[in-house]
Structures are given as C-alpha cells and as structure tokens.
Amino acid sequence: MSTDSLTQDLTQRTENSSRELLARAFFFGCAFLSIVTTISIAVLLVTEAAKFFSITAPLVGVEGETATIAEFLTGTEWRPNFTPHEFGVLPLVSATLMITFGSALIALPLGVATAIYLSEYASERARSFLKPALEILAGVPTVIYGFFALMYITPALSTIFPDISFFNLLSASIVVGIMIIPMVASISEDAMSAVPDDLRQAGYGMGATKFDVSVGVVLPAATSGVVASFILALSRAIGETMAVTIAAGSQANMLNPLNPLGYFESGMPMTAAMVQLLHGDITGGGLAYRSLFAIGLTLFVITLAMNIVSDLVAARYREEYE
Amino acid sequence: MSTDARDAVEDGFGHVSRTVGTVFRYLLLVSTLVGIVTLGVLLVYVANDAIRPLTADPGWHLTFVLAFALPSLLVGGYLYRRDKSALFTGLNALGVPAVSLLFASAAAMLFVDVVPPLIWFAYVVAVAIPLVVLLATTRYSHRIPFLARVATLAAVTVASLGVVPGAIQSLPFVPQAWLVVAATLGVPVAGVAGTYADRRWGRRAAVSVAVAALVATVAAPFAGPTIGLDPLPATVLMALAGVPTAVYVGTVVVNQPERRVGLLLPLVVVAGALVGGAVVDALGFAGPQAWIDWQFLTSDHSNTPAEAGIYPAIVGTILLMVVVALASFPVGVGAAVYLEEYAPDNTFTRVVDVNISNLAGVPSVVYGLLGLGVFVRYGGMTPGTVVVGGMTLALLILPIIIISAREAIRSVPDSMRQASYGMGATRWQTVKNVVLPRSFPGILTGTILALGRAIGETAPLLMIGAPQIFDLPTALDARVGAMPLQLYVWATTFASPEFYTTALAAGVVTLLVAMLAMNSIAIVLRNKYQREQ
C-alpha cells in the first residue's frame, strides 16, 4: 500500500461519509416511526370520531345519521345495534369507573406493601423468587384472567353472595386488581430503592426501628414515584379490555358508581363496548363503526392524560438527593 | 412524686416494642404473596380441569411416583446437598431440550403445514446469493466505494429474489422435502455449532462438531421413521433441538468436569418417564383422561368440546410471532440506538422520549383501532390477515422493545465507547462492533419479554377483524386466528358449561405454557447476563 493512499485513508473525514450518513438516517427513521405512530393514532381517532358527531360531521363531509356531543356525553342508554339507536356513553363510563375503583382498592395497598417488602425487608434470596413471580403475574394474558374470573372467581363469590349475577363487576375488579399489582409494585419499588441509604442510616441513628424508617422515612421520600405508579396502574385498569369483556358482561346497565351493590351486577365498560361493537356492523362505516372511534378517542384521551400527569408528578415532586 | 415519674420514664426507656414491627413485616409479606398465591390457586384449578389427574388409575399414579417422581426428587436432593451448581446444570440440561423442543416443534409445524419446502428452499437460495456477494465484497476488496457496493448489493438482491425462486420452482426434478430441509437447516446449524466449538475448543474440534451436526441432521430423516416420526419433522427436530442439546451436554462434559454429576438428573427423569410408561402399558393401568392431549393439539376447531382442537390457532400464533419479531426487532433496536448513541440533546429528542413512554401506556384496544384504520380501511388490506395482525402487534410492542433496548445499551460502559473512538473508529463502527454486541443479550431479553406479551394479546386482533372461526393459515395474506382469540371465542360465542371446563381449560394451559416458555427463557438469559457483568 502506497504512503499516499494510507495518508488519505487516515485523514479522510469519516463523519459525513455515505456509510455513516446511511446508518444515521436508518436509526433516525426508526425513532421517527414512534412519532408517526402517535400522530396516526391521534389523526385517525379524531377524524373518524368527527364523523360520528353531528357538529363536526359536515366539516369532514359526512352525510347521514350522527349523534350530538350532548347526547354522547350525557345520555344514559347505550344501544348501538338496535333501533332506535342510543349513544349515551355514561353507562359505559360508570362501569369503567367502578372497575377502576374496585381494582384500585385491591392493587394500590397490596402493591405498595409489596414494594416496601421488596425494597426494605426481603432478603436477596426472597427477591430472586418474588420478582419473577410478580412478572408472571403481569405477563399472564388478560383473556386468561377473564376466564379465571368467569370460571372460578364468580362461583366462589356466589357462595358468599348468593345474589351475585353470572357476569359481575366484582370478579372483573378482582382480576384487574391482581394484574395491576406488579405495575404498582415495580414502579414504587424503583422509587424506594432510589432513596439514598444515608436517610435510612440517619433514621436508625436517631433510634428509629425498621418499621419507623420504612413508614416514616422511605415511604414519604418516595411519594412521587408511588403516586406516579398509582396513576399509571389506574390508566392500565381503564384501558384493560379482554378480562372485563369476558367477566363483566355485555349489558350496558346504567350503574350508580357510589352504590357498592352495583358490583354484584353486570355492566359494560368502555373497552368491552368496543369489542361488542365489532360483532355488529363495522363493515363500511355505519354509525356504530364510527362510535367505536368515538369511544376509542375518549379512552385514548383519558389514558394519555393520566400518563402525562403521572410523568409530571414524578418529575415535579421528585426529591433530589445528590 | 417526681421520683415516680422518673422511674416510669426509666422503665420505658430502652424498651422498644417489637410487636408493631413484627406485625408490619408479616403484613407486608402476606400482601406480597396475596396476588401470587391467588394466581397459583387459579392455575392449579385450571390445570386440574385440563389434565384431570384424578381420572387416572391409582396404579398409574403409584407407578409414576415410584419410577419417576421419587428417583427424580432423590437425585435432585442429592445434588442440592452435594453441589448446587451441579443441580443447576442438571436443571439446565432438562430445560434446554424442553424449550428447544418447543421451538423446534413450532418450526416443524410451519414446514409441514404452511411453507412448502420447495418454496422455502427457493427463497433461502435467493437470500443466500446476496449474502455471499456481501461477504465476498467486504472480504476481498476495500477499494470499491461504499455507495457502489450498496447499489450492487441492492441490485443483486432484487435480481436474486426476482429470478431465483421462479427458476428453482420450475426445476425439472423435485427434491425430497426432508432433503431440502436437511440442507437448508443443517448447514446453518452446523455452521453455528462449529463457530461455538471454534471459540471454546479450537479449529480441529470445530470441524468435527460441525460435521457431526450435519451428519446428525441428514441422518435424522432415516432414523425418524423407526420411532414413528415422519422424515420432515424428524429433520427439523434434530437440527433445532437435538443439536443444541448435544452441544450443551458436550460443553458440560468437556469444560465443567465438577458439574458432570448434574447430568444424572435429566438421565433419571427421562429414564423414569420411559420405565413408568412401559410398566403402565404392561400392567394395563389407565392414564388420566386429560382434555389437553395430542388430539386437542392437532385438531381444528369444532362445535363439540370433545372434538375441538387448537391446531390452527397455534400455527396462527407462530406465524404472527414471526411477523411481529421480524417487524419490531430491527425498528425497535434502531430507535434505541438512535436515542442512546446519536440523538443530540434537543427538543425533538425530548419529544420522542416522552412520546415513547406515552405510547407504552396506550391501551392495546386503541392499537387495534390503529391497525383497523391505517392498514385495513385506508391501506386497503384484507382485514384479519397475518400481515395486518403481525404489524399491529408489532406497533403495540415497539415501545416496550425500545425502552428495554435503551436500558441494555445504556448499561454498556462509556469507557468502551471511548476506547473505540480512541482507536479511530467511527460512530457506526463503534455501534456495530462495541455497543450492539455488548448489549445484545439485554436487547434479546427485552424482545423476548415483549413477544411474550404479544402472544397473549387478543383485543388488537379482534379490532382488525380476525375471524372468529378460522382455518389453518397457509400464507402471509391468509386470514388468521391465534390462541388467545380462540380462547375468547370459546369463552363467548361457544359459551356453555361443557366448553368452560374442557376445551377452554386445555386451551388456557396451552397458551400459558407458550407464554411461560418465553418468559422463562428471558429470565434465565437475564440472570446469566447479569452474573457475567
């Protein structure tokens, strides 16, 4: 190899060589795809939902039957597949709220307790068993949780509460609660592990017991992470589909979320309503098809807002120890 | 009075009640276990419904306890007392064949029922030609400009894919299916085994290992029929399960003499199962009348639970997973590399960052709507096909893959990057030669976990219009069902008490086994990776 070409090799600018640019462009494209996905979700949901509401339908050039926003948001009947059509989302929202609340009652205390145990008490050995077990809890397909609720939990509940119906919100809440425990636990535990050891040692130095340190020092210091985990888990419970579709039933009853007896009845959460709509007319864009996107948009907005709030809480109230 | 008060203080001082702490501790432990134990109980119930162990003859149970369970437990206990690492080896030597057998069976299903071997062969050759050209150009000439090389490669690929499959399919003679598979699987498997051996034991051992692997694969179609296997599945099983198992056992025997004793465990387990089976046959004890049996795994859907099977759903799930993995892995890793290695610290990067974590929180049913709208309604594709389903699920797990791949890439020490740059490597060379190889196990773990999530997703498939009653999918544009979808259909459309405790329970166990197999591979990989670091 001649000296000239060697010098040329060694001194050529590589940063902008075509190979580097090609690699960079490929990686950038991959990252950009995530933005494209979000934009397509938003645009698709908004345009399709716009065809559903009478106030926006003329804007997107759709003729025919529509529903008013007032009817959608305040109507208490959901009857998309039979005439006269009724598109009131409240019954669906009430069932979703009840399942979310019920599952939160189960998952939030258990999740936080699990997080404290894993981060403060458990030995390395216990952790090496418990953490994979929790992962499996989160990994079991939701359709199987629905089956468990229908097949085993409802019969067990009906021995305690004889007047419980075959499809009921209670069993749905229980399985959704079980499946979101790992989410609360792992995010809260991350927050607790991030609490510096100095704080614990200071607590012990003041004569505090392990209980005092866990509850009085670590938990308050990790509050932002714990709250963020609550919000994320609730957003997951709201978006949960298959378990509630199978276990909660397909009758859109208007329930009073404040009445605990409602948990013994069947109801149809928003996600179950979306699955239910698919059994009807979705072939060519009837009103039922468009209502699918209206609910989808509602769901997307709620979960997105919760995710953003969770991020903000985690960032805004994080205690910085450095 | 004052002395009384001081006494009282001194009595209490230094005494800390342990009750609260102890109660609290056990309360926490119980809370931790509630979810896990509940799931465990539910799993026992469903396994009982699916397998029905109580329908077996008491003699059957007795035989298997004596021949199989007792010796296995004894050997396991002995290994545990003697040397825990040997027990670990024994468990691995059981796990490697079990898991590789699962995946090899999945591949065998595709070869038997979905991809005709001739078409497979045609496309393997068509892809191999550009690969050879690529290797040749990088190896023998550094003087060709990069863009010219890319252009040549693209041209060769297009030409090869356009011409070769047609040419091979119009060959005057048609090679035997198993021969085709033995060649196309045996050669790469032998290559991989040889490379592995080369790194551990040197060139000479590598050659003999590779030759042995190739010979075993080619011999399998002849040996298969003697134990009741067709030549084609026998070849696939040998290449994808037999060879890896043999390589693992060989590694233990050669490199870890102190752990050799662990191999006793799989030996006892397999021998116990065989002996137990033979004794049960000879004495005429009836086994359990399980719902999950060979008939269930290999039949189509039926309206009567006794004849219902899950085979089309299994094949559908396998095909979907192949498409999901091919679509999401490169893109997910690419995005992670961009964000960790290339991205400048600007607004766009932060937007992408926040966006990905939000995408991970979008409900799966909304992704189904995305697939329905983008691919079916505006993209004009047929609803419910393998491609549409696979791409929808790929979009769903993409954020999970990106997040875990970023974590793996971040764990590569910065000093290694600096060393690479210090030797004059460019950014792409650093990514290719340092960052990706070093973070690969972590990326793989994350991807497998994400695929384990995709395997159980039902809502997106329902949304994109997957059919409720489906046949065996035979092409990428065929309409497809999947295991969780089949379970949903059985739990709703065919809702009846007979289905609940029979075919449905068996289906649940099948899906759980698939999901647990994926998760356990990921967990084992992660533990190994963390130990090595």
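Calculation criteria
Residues numbered from 1 in each chain as written. Chains lettered and ligands numbered in written order. Predicted model: local features only at pLDDT ≥ 70, side-chain atom pairs only at ≥ 80, totals over all residues. Heavy atoms only, no water. Helix = DSSP H or I, 4+ residues; strand = E, 2+ residues; numbered from the N terminus. Buried < 20%, exposed > 50% of the residue type's maximum accessible area, 1.4 Å probe, protein only. Lys, Arg positive; Asp, Glu negative; His and termini not counted. Charge placed at Lys NZ, Arg CZ, Asp CG, Glu CD. Rg over C-alpha atoms; globule rule 2.2 N^0.38 Å. Contact = heavy atoms within 4.5 Å. Domains from an automatic or database assignment. Buried area = accessible area lost by both parts, 1.4 Å probe. Salt bridge = Lys/Arg side-chain N within 4 Å of Asp/Glu carboxyl O. Polar contact = N/O pair within 3.5 Å; in protein donor to acceptor, adjacent residues only side chain to side chain. Nonpolar A, V, L, I, M, F, W, Y, C, P; charged D, E, K, R; others polar. Axes fitted to C-alpha atoms, helices over the stretch in contact; angles between N-to-C directions. Parallel < 35°, antiparallel > 145°, perpendicular 65-115°, else oblique. Left-handed = near helix turned anticlockwise from the far one by under 90°. Core = buried A, V, L, I, M, F, W, Y, C linked by side-chain atoms within 4.5 Å. Patch = residues over 30% accessible without salt bridge, like charges linked within 9 Å, V, L, I, M, F, W, Y side chains within 5 Å. Areas by Shrake-Rupley, 256 points an atom, 1.4 Å probe, with all protein chains shown as cover. pLDDT = per-residue confidence, 0-100. Expected span 1.5 Å × (residues − 1). Bend = angle between axes of the 7 residues up to and from the residue.

A few words on the overall build of chain B. When helices and strands are tallied, chain B shows 21 helices and zero strands. For chain B, the C-alpha atoms occupy an extent of roughly 105 × 70 × 60 Å along the three principal directions. Buried positions account for 43% of the 533 residues belonging to chain B. For chain B, the separation between the mean place of its 29 positive charges and that of its 26 negative charges on side chains is 15 Å.

A separate point is the overall build of chain A. Looking only at helices and strands, chain A features 13 helices and two strands. Radius of gyration (C-alpha) of chain A: 26 Å, far over the 20 Å computed for a compact globule of 322 residues. Along the three orthogonal principal directions, the C-alpha set of chain A runs to about 85 × 65 × 35 Å. Of all 322 residues assigned to chain A, the portion counted as buried reaches 50%. Taking the contacts inside chain A whose residues are at least 6 apart along the sequence as the reference set, 69% of them involve residues at least 24 apart.

Attention now moves to the domain arrangement of chain B. All names here are of chain B. Here chain B is partitioned into domain 1 (2–51), domain 2 (60–293) and domain 3 (311–532). Distance from the C-alpha centre of domain 2 to the C-alpha centre of domain 3: 24 Å. Each partner contributes residues to the interface: domain 2 has eleven residues there, and domain 3 has 18 residues. Counting the surface lost from both domain 2 and domain 3, the interface buries some 1,200 Å², and carbon and sulfur atoms represent 82% of this. Of all residues in domain 2, Met109, Val114 and Trp291 bury the most surface against domain 3, accounting for 38% of the area lost on that side.

One frequent convention defines the size of an interface as the accessible area lost when the parts assemble. Taken together, the contact pairs 84 residues of chain B with 85 residues of chain A. Buried surface at the junction of chain B and chain A, both sides included, amounts to about 7,300 Å², of which 76% is carbon and sulfur. Linking chain B with chain A are one salt bridge. Scanning the region where chain B abuts chain A turns up nine residue pairs in polar contact (both at pLDDT 80 or more). Top element by residues in the side of chain B that touches chain A is helix α2 (residues 19–51) of chain B. It accounts for 19 residues. Across the side of chain B that touches chain A, the residue classes break down as 59 nonpolar, 18 polar and seven charged.

Residue and element names in this part refer to chain B. Under the counting rule described, the total for this entry stands at 14 salt bridges over all chains. The partner of Arg417 in a salt bridge is Asp414, and the shortest N-O contact between them spans 2.9 Å. In this pair, Arg417 and Asp414 both sit in helix α16 (residues 414–422), three residues apart, roughly one turn of the helix. A single network of salt bridges, built from pairs that share partners, joins Glu340, Asp353, Arg406 and Arg410.

This next bit is on the packing of helix α13 (residues 287–316) of chain A against helix α14 (residues 364–378) of chain B. Between two packed helices, the angle of one axis relative to the other and the distance separating the axes together describe the packing. Axis separation between α13 of chain A and α14 of chain B bottoms out at 10 Å; the angle between their running directions is 135 degrees. As summarised for this structure, α13 of chain A and α14 of chain B are arranged oblique, according to the angle between their axes. The two elements α13 of chain A and α14 of chain B meet at a crossing, and its hand is left-handed. On the side of α13 of chain A, the interface is formed by Tyr289, Leu292, Phe293, Gly296, Leu299 and Phe300 of chain A, while α14 of chain B contributes Val365, Val366, Leu369, Leu372 and Arg377 of chain B. In terms of residue class, the contact of α13 of chain A with α14 of chain B is made up of nine nonpolar, one polar and one charged.

Attention now moves to the nonpolar core. Counting 173 residues, the largest nonpolar core has Ile144, Tyr145 and Phe148 of chain A together with Trp490 of chain B as the members making the most contacts within it. Not counting residues up to four positions away in its chain, the partners in contact with Ile144 of chain A are Leu487, Val508, Leu511 and Leu512 of chain B.

Okay, the domain arrangement of chain A next. Residues and elements named next belong to chain A. By the assigned domains, chain A splits into domain 1 (12–50) and domain 2 (86–316). Taken over C-alpha atoms, the centre of domain 1 sits 33 Å from the centre of domain 2. The partner domain 2 presents seven residues to the six residues of domain 1 that form the contact. Together, Leu45, Glu48 and Ala49 form the three largest contributors to the area buried by domain 1 at its contact with domain 2, with a combined 72%. Joining domain 1 to domain 2, the criterion identifies zero salt bridges. Here domain 1 is connected to domain 2 by zero residue pairs in polar contact (both at pLDDT 80 or more). Of the residues assigned to the side of domain 1 that touches domain 2, the class counts are five nonpolar, no polar and one charged.

Bringing a nonpolar patch on the surface into the picture now. All names here are of chain B. On the surface, Ile119, Tyr123, Val127, Leu131, Leu134 and Leu161 cluster together to form a nonpolar patch covering roughly 490 Å² of accessible area. For the nonpolar patch, the element with the highest residue contribution is helix α5 (residues 117–140), accounting for five residues. Mapped onto the elements, Leu131 comes out in helix α5. Here Leu131 falls in the partly exposed class, since its relative accessible area comes to 47%.

Turning next to the confidence of the model for chain B. Considering every residue of chain B, the mean pLDDT works out to 86; 97% of them sit at 70 or more. Per-element confidence in chain B is highest for helix α15 (residues 386–410) of chain B, whose mean pLDDT is 94, and lowest for helix α1 (residues 2–12) of chain B, whose mean pLDDT is 54.

This part takes up helix α7 (residues 177–201) of chain B. Residue and element names in this part refer to chain B. Over its 25 residues, α7 runs 35 Å from end to end, which matches the ideal 36 Å to within 8%, given 1.5 Å per residue. Of all the bends found along α7, the most pronounced is centred on Gly186 and spans about 25 degrees, while Pro188, a proline, follows it within four residues. All of the buried residues in α7 are Trp178, Val180, Val181, Ala182, Thr184, Leu185, Gly186, Val189, Ala190, Ala193, Gly194 and Ala197. For α7, the elements touching its buried residues are α4 (84–114), α5, α8 (203–223) and α9 (231–255). Directly beyond the C-terminal end of α7, a positive phi value near 95 degrees is found at Gly202.

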